[in-house]
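What the coordinates show
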Amino acid sequence: MPDEDLAAELRSALTELRAQLEWQRDNGAAWLPRGAPSGPRPGLSPLVRGPHPDLSPLVRGKETEAGGKGAAAEAAPAPAEREVTPVSRETLEALRAEIGDCTRCKLHAGRTNLVFGVGNPHADLMFVGEGPGHDEDLQAEPFVGRAGQLLTEIITKGMKLQRADVYIANVVKCRPPNNRNPEGDEIASCMPFLHRQIASIQPKVIVALGTFAAQTLLAIKTPITRMRGNWHDYRGIKVMPTFHPAYLLRTPGDKRLVWSDIKLVMAELGLPV
């Protein structure tokens, strides 16, 4: 194998490993150190930096305010702002090719198709759900069943956009058995790819659909009823959590709440409300 190919393969493996370790640490793995250097390490892409303030001083302002001013926070000097050199965005096609016929977690054993994502690779708006269901598993496309039809109506009839104008993806890319929530090891294997999808697309706004997607993406345990209707931050990108379309099929009375969330998204994107 040529030296440059080996170096690229090693960088890719290190990037994926680091993203998995960051996700596990941010979700309670006490054995991982929290004092990592604030900037990207040589050979690691800054596109996959974690949201923890020790790792990303560029987005730590809101997180510090939310956490309050403890003694340690007061004693720690504020990091000096530094200019970050822009990096090239990897293409979604290259990322999909890297995932390949994925066997990184046990979900692959029961899937029909891997469901990568669909839409505009340069979309201003991205929707993130939990994982593929039965119809999505068969068609290899996210949100195509009954819940997907409702999401399409929100996009086309409510926002006056087309599905091709936005990008739609999930936390995990293979269907969990019986539509159960993805488990920790499954998320750890798949989340680095979602992080890199978002880094490639660089949307202005992400709509997190449902409790699981919002809590996983934001690495918090706040109930969706308290998150929705309020802006959150993912690595400098605005996130609006809202109810999952499948929930709205069971509780249609809450459609008005989702519509109020979507109107906030439209206003943020400069769309007519």
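Numbering of residues starts from 1 in each chain and follows the order in which that chain's sequence is written. At least 70 in pLDDT is required for a residue's local features to be given in this predicted model, at least 80 for side-chain atom pairs to be given and counted, and no such filter applies to totals for whole chains, interfaces and linings, which use all residues. With hydrogens and water stripped out, all remaining heavy atoms of the structure feed into the side-chain values.

**Structural notes on helix α7 (residues 184–201)**
- Comment: elements are numbered from the N terminus, with helices defined as DSSP H or I runs of at least four residues and strands as E runs of at least two. An expected span of 1.5 Å times one less than the residue number is assigned to each helix. Taking 1.5 Å as the rise per residue, α7 with 18 residues should run 26 Å; its terminal C-alpha atoms sit 25 Å apart, in good agreement.
- One fitted axis covers the seven residues ending at a residue, a second covers the seven starting there, and the bend at that residue is the angle between these axes. The largest bend in α7 amounts to roughly 35 degrees and is located at C190, with the proline P192 lying one to four residues further along.
- To sort residues, take the accessible area from a 1.4 Å probe on protein chains only and compare it with the maximum for the residue type: under 20% means buried, over 50% means exposed, and anything in between is partly exposed. With 16 of its 18 residues buried, α7 lies for the most part within the structure.
- Just downstream of α7, Q202 is the residue with a positive phi angle, here 55 degrees.

**Notes on the nonpolar core**
- The biggest cluster of nonpolar side chains holds 56 residues, and the ones touching the most others in it are M126, F127, V171, L194 and I206.
- Residues are treated as being in contact if the distance between any of their heavy atoms lies within 4.5 Å. Once residues lying within four places of it in the same chain are set aside, the contact partners of V171 are V128, G129, E130, I187, C190, M191, L194, F212, A213 and T216. Grouping buried Ala, Val, Leu, Ile, Met, Phe, Trp, Tyr and Cys residues that are joined through side-chain atoms within 4.5 Å yields what is termed a nonpolar core.

**Concerning the packing of aromatic side chains**
- Each Phe, Tyr or Trp ring (for Trp, its six-membered ring) is paired with any other whose centre lies within 6.5 Å, and the angle between the two planes then decides the class: stacked below 30 degrees, edge-to-face above 60, tilted in between. Applying the stated criterion across every chain yields a total of one aromatic pair.
- Between F243 and Y247, the aromatic rings sit 4.7 Å apart at their centres with planes inclined by 35 degrees, giving tilted as the arrangement.
- The ring of W231 has K238 lying over it, and the distance from NZ or CZ to the ring centre is 5.3 Å. The criterion for a charge sitting over a ring is simple: Lys NZ or Arg CZ within 6 Å of the ring centre, and within 35 degrees of the ring normal.

**Details of the confidence of the model for the protein chain**
- Scored by pLDDT, the protein chain has a mean of 80; 68% of the residues are at 70 or more.
- Within a predicted model, pLDDT stands for the predictor's per-residue confidence, ranging from 0 to 100. Between residues 29–87, whose pLDDT stays under 50, and residues either more than four places distant or in other chains, the model counts 75 contacts.

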